[in-house]
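# Observations on the model geometry
Single-letter residue listing:
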Amino acid sequence: MKYKAPFFDEMYGKGGFYDEFPAETLLNAENDLNVSCVGTLFSGGDYKRTSFHVLTGDTESQNDIEVIFNSISATYGDYPPALVLEVEGGFAYRGAVYQLTDADDEELSVLYTTCRANDRPHIHELKPRDLSEKRVRTYDSTERRVLYLSSAGSFNYGHWIVDDLPRVKLLLDEARPTTVIVQSFPGMDGVREKSILSLCPGRDIRVEFLPAEEIAYAQRLTYVSPVSFHPYMKNPDAIAFLRDEGRRRFGISAGGRDAPGRLIYVRRRAERGRILRNAAPVEKYLKERGFLIVDPERLSFPEQVEIFADASVIVGVMGAAMCNTVFSRPDASVIYLAPDNWVEPFYWDLASVLGHNYHAVHGRRMRINEAPHLDDFSIDTSLLAIALKRAMA
């Protein structure tokens, strides 16, 4: 795969480049690529993460989590800006953006920012022969801006919320007629379209979903560079924009410690895997302490925003639905439930950029799956009680 990195120095010159190959190999790549940078959507910078409070029934597992989290804090501190790029003759396919860079149209280059180290395991490389073997859907960019709003993780609701949705700020900053191309994932398309239109009312926006077997093409394809680097980094300005805009659109005040909030438990459906085997007694325990049991999959996007926005304490199994905490008030406490041996910094990092108090309770695995993050588990309610006491202090 041939990488091209337009405006690499503007993007990574002050830090935020995390890959296994030398940055020098990408510094001059824009010379071969007809790409314009037309603005900065979110600035770059650095941040420090909040403290973490982790409880497990396994001392070795707890030590592993603490060592890894501390290492992440020491390594990943800088984040790059999110630039607005316009790609001449741009192709989009399964989360990545390409351009023909050979005079005879026999070579495709992929934009590095759509195919970084964390993206590559999920990217399906596009080759020149695919342009004839697959269906290419052409979008007219003469009258309407054509914005590609997808990434390697768009198939997951949580990554859509954190990685993709903040970039709709472009649609608010520049009120131009826009066709928004989103990779189609049946079952999720409705809520993603609703999330875009809910945050951008009154704009001339058409959301079009691109099937997995098709390639999008526009003579001028607009793309906003990433606002996250999974699982370690998120642009605080991008996350703050989404939180504040979501709350504002639905008439929710900023909230704070002087305004008591709702206590919610986020239910995870069994078909999603990572089943909490003792969910019934855990729910009973929480209901007795004033928690509302919420099934986000029964709610519309605006309803999810409203439920989470009013919450001061959120408890739930680590998973996509918990990314709705992005809409929660800045002083909220979150308690994640997870299987032992699963070290997942994504949610701690999310809590950090939101200013949330992060707690995690890890429970005994059922050992029906070798991968910890796919395994069923149970939670010791005595450990949950400790986490609740800390979270509600």
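For the structure, check the block above.
One structure accompanies this document, and this report is about it. Counting restarts for each chain, with residues numbered from 1 along the sequence as it is written. The predicted nature of this model means local features are confined to residues of pLDDT at least 70 and side-chain atom pairs, given and counted, to a pLDDT of 80 or more, with totals for whole chains, interfaces and linings taken over all residues. Working from all heavy atoms in the structure, the side-chain values ignore hydrogens and water.

### Focus: the nonpolar core
Core analysis: the biggest nonpolar cluster contains 70 residues, and I161, L165, V168, I196, I314 and Y358 have the highest contact counts within it. A run of H or I in DSSP counts as a helix once it spans at least four residues, and a run of E counts as a strand once it spans at least two, with each numbered from the N terminus. A total of seven residues in this core trace back to one element, the largest contributor, which is helix α10 (residues 346–354). Residues are treated as being in contact if the distance between any of their heavy atoms lies within 4.5 Å. In contact with I314, not counting residues within four places along its chain, are I264, V266, F308, M322, T325, S328, A332, S333, V334 and I335. Residues belong to a common nonpolar core when they are buried Ala, Val, Leu, Ile, Met, Phe, Trp, Tyr or Cys residues joined through side-chain atoms within 4.5 Å. Burial status follows relative accessibility: with a 1.4 Å probe on protein chains alone, a residue under 20% of its type maximum counts as buried, one over 50% as exposed, and anything between as partly exposed. By size, the runner-up hydrophobic cluster in this structure holds 25 residues, among which are M11, F17, F21 and L221.

### Examining the packing of helix α8 (residues 279–287) against helix α11 (residues 381–391)
Relative orientation of the contacting elements α8 and α11 amounts to 35 degrees, with a least axis distance of 11 Å. Like other packed secondary-structure pairs, α8 and α11 cross with a definite hand, here right-handed. Counting all contacts with α8, which are made through V282, Y285 and L286, the residues of α11 involved are T381, L384, A385 and L388. Inter-axis angles, ranging from 0 to 180 degrees, are taken between N-to-C directions of lines fitted to C-alpha atoms, where helices are fitted over the stretch in contact. Should the near helix be turned anticlockwise from the far one by less than a right angle, the crossing is left-handed, and should it be turned clockwise, the crossing is right-handed.

### Side note on helix α7 (residues 236–249)
A helix is expected to reach a length of 1.5 Å times the quantity of its residues less one. For α7, built from 14 residues, the straight-helix expectation of 20 Å at 1.5 Å per residue is met to within 8% by its first-to-last C-alpha distance of 20 Å. Among all positions of α7, only P236, A238, I239, F241, L242, R243, E245, G246 and R247 are buried. Polar contacts here mean pairs of N or O atoms no more than 3.5 Å apart (in protein, one a potential hydrogen donor and the other a potential acceptor; neighbouring residues in sequence count only if both atoms are side-chain atoms). Put simply, N235 is the residue that caps the front of α7, since its side-chain oxygen is 2.9 Å from the backbone nitrogen of D237.

### As for the environment of Y98
Here Y98 shows up in strand β7 (residues 96–100). Judged by its relative accessible area of 1%, Y98 falls in the buried class. Once the C-alpha coordinates of Y98 and R120 are considered, the two residues, 22 residues apart in sequence, prove to be 14 Å apart. Look past the residues within four positions of Y98 in its chain and what remains in contact with it is G89, G90, F91, Y93, L108, S109, V110, I123, H124, E125 and L126. Reaching out from Y98, the side chain makes a polar contact with the backbone nitrogen of L126 at a distance of 3.2 Å.

### Side note on the pattern of salt bridges
Put simply, a salt bridge is a Lys or Arg side-chain nitrogen that is within 4 Å of an Asp or Glu carboxyl oxygen. Inspection of every chain in the model, using the stated rule, returns 31 salt bridges. Residue D119 is joined to R116 by a salt bridge in which the shortest nitrogen-to-oxygen separation is 2.9 Å. Comparing D119 with R116 shows no difference in burial state: the two are buried. With its nearest N and O atoms 3.0 Å apart, the salt bridge here joins D376 to R277. Placement of the pair is D376 in the loop between β20 (357–365) and β21 (377–378) and R277 in the loop between β16 (262–266) and α8, with a sequence separation of 99 residues. With a relative accessible area of 47%, R277 lands in the partly exposed category. Because the salt bridges share partners, they merge into one network encompassing R269, R272, D295, E297 and R298.

### What to know about empty space enclosed by the protein
Both cavities and pockets are sets of points on a 1 Å grid over the protein atoms alone; in a cavity a 1.4 Å probe fits but cannot get out, in a pocket the set is open with protein on both sides within 12 Å along at least five of seven lines, and lining residues sit with an atom within 4 Å of a point. Grid points are joined across faces, edges and corners, and a volume is the space filled by probe spheres set on the points. Inspection of every chain in the model, using the stated rule, returns two cavities of 30 Å³ or more. Reported here for the largest cavity is a volume of approximately 130 Å³. Of all elements in the fold, only α1 (8–12), β14 (228–229) and β15 (233–234) reach the threshold of two or more residues within the lining of the largest cavity. Residue polarity follows a fixed list, in which Ala, Val, Leu, Ile, Met, Phe, Trp, Tyr, Cys and Pro are nonpolar, Asp, Glu, Lys and Arg are charged, and the others, Gly among them, are polar. Here the residues of the lining of the largest cavity sort into 11 nonpolar, three polar and two charged. If you add up the space inside the second largest cavity, you get close to 40 Å³. Forming the walls of the second largest cavity are V54, I65, F69, M318, W342, V343, E344, Y358, A360 and H362. Sorting the residues of the lining of the second largest cavity by element identifies α2 (59–75) and β20 as the ones contributing at least two each. Ranked by the residues each element gives to the lining of the second largest cavity, the list is headed by β20, at three residues. A per-class count over the lining of the second largest cavity returns eight nonpolar, one polar and one charged.

### Observations regarding the environment of F308
Tracing the backbone shows F308 in helix α9 (residues 301–309). By relative accessible area, F308 is classed as buried at 0%. Considering only alpha carbons, one finds F308 and R247, 61 residues apart in sequence, at a separation of 9.8 Å. Apart from the residues lying within four places of it in its own chain, the contact partners of F308 are I264, V266, I314, A321, N324, T325, F327 and S328.

### Here we look at the packing of aromatic side chains
Paired rings are identified among Phe, Tyr and Trp, the last through its six-membered ring, by centres lying within 6.5 Å, and are further divided according to the angle between planes into stacked (under 30 degrees), edge-to-face (over 60) and tilted (the rest). Using the criterion set out here, one finds 22 aromatic pairs in the structure. The rings of Y3, F8, Y12, F17 and Y112 are connected pair by pair, giving a single aromatic cluster. Working rule: Lys NZ or Arg CZ, within 6 Å of ring centre, within 35 degrees of ring normal, means a charge sits over the ring. Note that R49 overlies the ring of W348, its terminal NZ or CZ placed 5.8 Å from the centroid. Note that R289 overlies the ring of Y285, its terminal NZ or CZ placed 3.6 Å from the centroid.

### Some words on the pairing of strand β13 (residues 214–224)
Most of β13 sits inside the fold, with nine of its 11 residues counted as buried. Bridge count for strand β6 (residues 82–93) against β13 is eight bridges, and the pairing is antiparallel. Within β13, the position partnered with L85 by the bridge is Y223. Pairing geometry for strand β9 (residues 135–139) and β13, over five bridges, is parallel. Following the sheet pairing, T138 is matched in β13 by Y217. Paired strands, in this sense, are two strands between which DSSP finds at least two bridges.

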